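# Architecture at a glance
What follows is the residue order along each chain.
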Amino acid sequence: MTAAGGGAAPSGEEIRSHRAPPGRVERVGKRARVGMLLVAALAVGGVVANWRPIDGDRADIRERPYIAAGQINEPVSARTFEARLVGVRGAKLLNVRSKRYETGGVWIVVRVRVTATTEDTVIGYSALIDDKEREFLVSNRFTQLFAGGSRTFQPGIPVEGDIAFEVPRDVATSLRLRLATPIVDQRMEGMAEIKLPSVDTATVDAWATQEEPAAMESPKVVP
């Protein structure tokens, strides 16, 4: 059956799917919903834009070394090697390969046993840290045979050697030894930290005034 004017009559399905244009109230509601969605999107965008990881702007905190701490005669891991502090002594004069070195502060000489773990490695970084987190690097007044990357350690072979530091007398009573493989950049690197035995001011004064020099011993393989 055709409708007047020659056009085909709409089917029942077409009639049911036909919707009248939205009225004034419906148009206002639609605009309100769009506005609410826009506000919500802007709010979420602001949260995302302002989000920062904790300490995100402090690279020194995010990338600091992974420090393993220990005491004298305890093995402490520094990822590529294991370190053990076996002795500490102080002096005013240091005898290094028949040459004497004097200091206005005090020499602190640590005896350390190092065993490489999984690969050939070196001790590139050596420092003493005081209670105020000040850093005193290994002395460069002479070549140190055990630190500064001078010696390569083989996995599973323990080696003992001396490392010498020059520090002010007023910090020598309480210090920590730090050791790591990289010479310059220790960010996110394994690092061993070993607390030196505390000494009193009288002991430090005795070290700083004694005339007998302390001798730097050569590194040696130990059982």
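For the structure itself, look to the data block above.
This one's a predicted model, so the numbers in the text were calculated from it and none came from an experiment. (Residues numbered from 1 in each chain as written. Predicted model: local features only at pLDDT ≥ 70, side-chain atom pairs only at ≥ 80, totals over all residues. Heavy atoms only, no water.)

### Looking at the overall build of the chain
When helices and strands are counted, the chain shows four helices and eleven strands. Considering the chain as a whole, with its 223 residues, one finds that 35% of them fall into the buried category. Sequence-distant contacts, at least 24 apart, represent 74% of the contacts inside the chain between residues at least 6 apart. Carbon and sulfur atoms make up 55% of the accessible area of the chain, which totals about 13,700 Å². (Helix = DSSP H or I, 4+ residues; strand = E, 2+ residues; numbered from the N terminus. Buried < 20%, exposed > 50% of the residue type's maximum accessible area, 1.4 Å probe, protein only. Contact = heavy atoms within 4.5 Å. Areas by Shrake-Rupley, 256 points an atom, 1.4 Å probe, with all protein chains shown as cover.)

### Things to note about the pairing of strand β8 (residues 176-180)
Most of β8 sits inside the fold, with five of its five residues counted as buried. With burial as the criterion, each face of β8 is covered, one bearing Arg176, Arg178 and Ala180 and the other bearing Leu177 and Leu179. Across five bridges, strand β5 (residues 125-129) lies against β8 in antiparallel orientation. Note on β8: the bridge partner recorded for Tyr125 is Ala180. (Pairing = 2+ DSSP bridges.)

### With respect to helix α4 (residues 201-209)
Every buried residue of α4 is listed here: Val204, Trp207 and Ala208. Down the axis of α4, the sector holding all buried residues measures 95°, keeping them to one side. Close packing links the buried residues of α4 with β3 (81-96) and β4 (99-116). (Arc of directions from axis to C-beta.)

### A look at the side chain of Ser139
Positionally, Ser139 belongs in the loop between β6 (135-137) and β7 (159-167). Sequence-distant contacts of Ser139, defined by excluding residues within four places in its chain, comprise Trp107, Gln144, Ala164, Phe165 and Glu166.

### Concerning the sheet that holds β5
Reading across from one edge, β1-β9-β8-β5-β6 is the order of the five strands in this open sheet, with mixed pairing throughout. Each edge of the sheet is formed by a strand with only one pairing partner; in this case those strands are β1 (66-70) and β6. On average, each strand axis in the sheet is inclined to that of its neighbour by 25°, with strand direction left out of account. Strand direction decides the pairing type here: β5 and β6, joined by three bridges, are antiparallel. When the sheet's bridge partners are listed, Ile129 is paired in β6 with Glu135. (Axes fitted to C-alpha atoms, helices over the stretch in contact; angles between N-to-C directions.)

### Regarding the packing of aromatic side chains
Taken as a whole and judged by the stated rule, the model has three aromatic pairs. For the pair Tyr101 and Phe142, a centre-to-centre distance of 5.0 Å together with 45° between the ring planes defines the contact as tilted. Residue Tyr101 is found in strand β4, and its partner Phe142 is found in the loop between β6 and β7; the two are separated by 41 residues along the sequence. Overall, Phe142 belongs to the buried group, its relative accessible area being 9%. Every member of this aromatic cluster is reached through a ring pair, and the members are Tyr101, Trp107 and Phe142. (Phe/Tyr/Trp six-rings, centres within 6.5 Å; stacked < 30°, edge-to-face > 60°.)

### So, the environment of Ile163
Inspection of the secondary structure assignment puts Ile163 in strand β7. Accessibility expressed as a relative area gives 0% for Ile163, which makes it buried. Each C-alpha atom, one on Ile163 and one on Ile108, is 8.3 Å from the other, the two residues being 55 residues apart in sequence. In this view, Ile163 contacts Ile108, Val109, Val110, Val112, Ser126, Val138, Gln144, Phe146, Ala147 and Leu179; residues no more than four positions away in its chain are not counted.

### Some words on the pattern of salt bridges
One pass over the full model with this rule turns up 14 salt bridges. Glu217 is the partner of Arg111 in a salt bridge, and the nearest nitrogen-oxygen pair spans 3.7 Å. Of this pair, Arg111 sits in strand β4 while Glu217 sits in the loop between β10 (214-215) and β11 (220-221), and the two are 106 residues apart along the sequence. Looking at Arg111, the relative accessible area reads 8%, which means it is buried. Linked through salt bridges whose partners overlap, the residues forming this network are Arg89, Arg111, Arg113, Glu160, Asp162 and Glu217. (Salt bridge = Lys/Arg side-chain N within 4 Å of Asp/Glu carboxyl O.)

### Thoughts on the pairing of β4
The sheet contact formed by β3 and β4 spans 14 bridges and is antiparallel. Its bridge partner being in β4, Gly87 is matched across the sheet by Arg111. Where β3 hands over to β4, the hairpin turn is made up of two residues, of which Arg97 adopts a positive phi near 50°. When β4 meets β7, the two strands line up antiparallel, connected through nine bridges.

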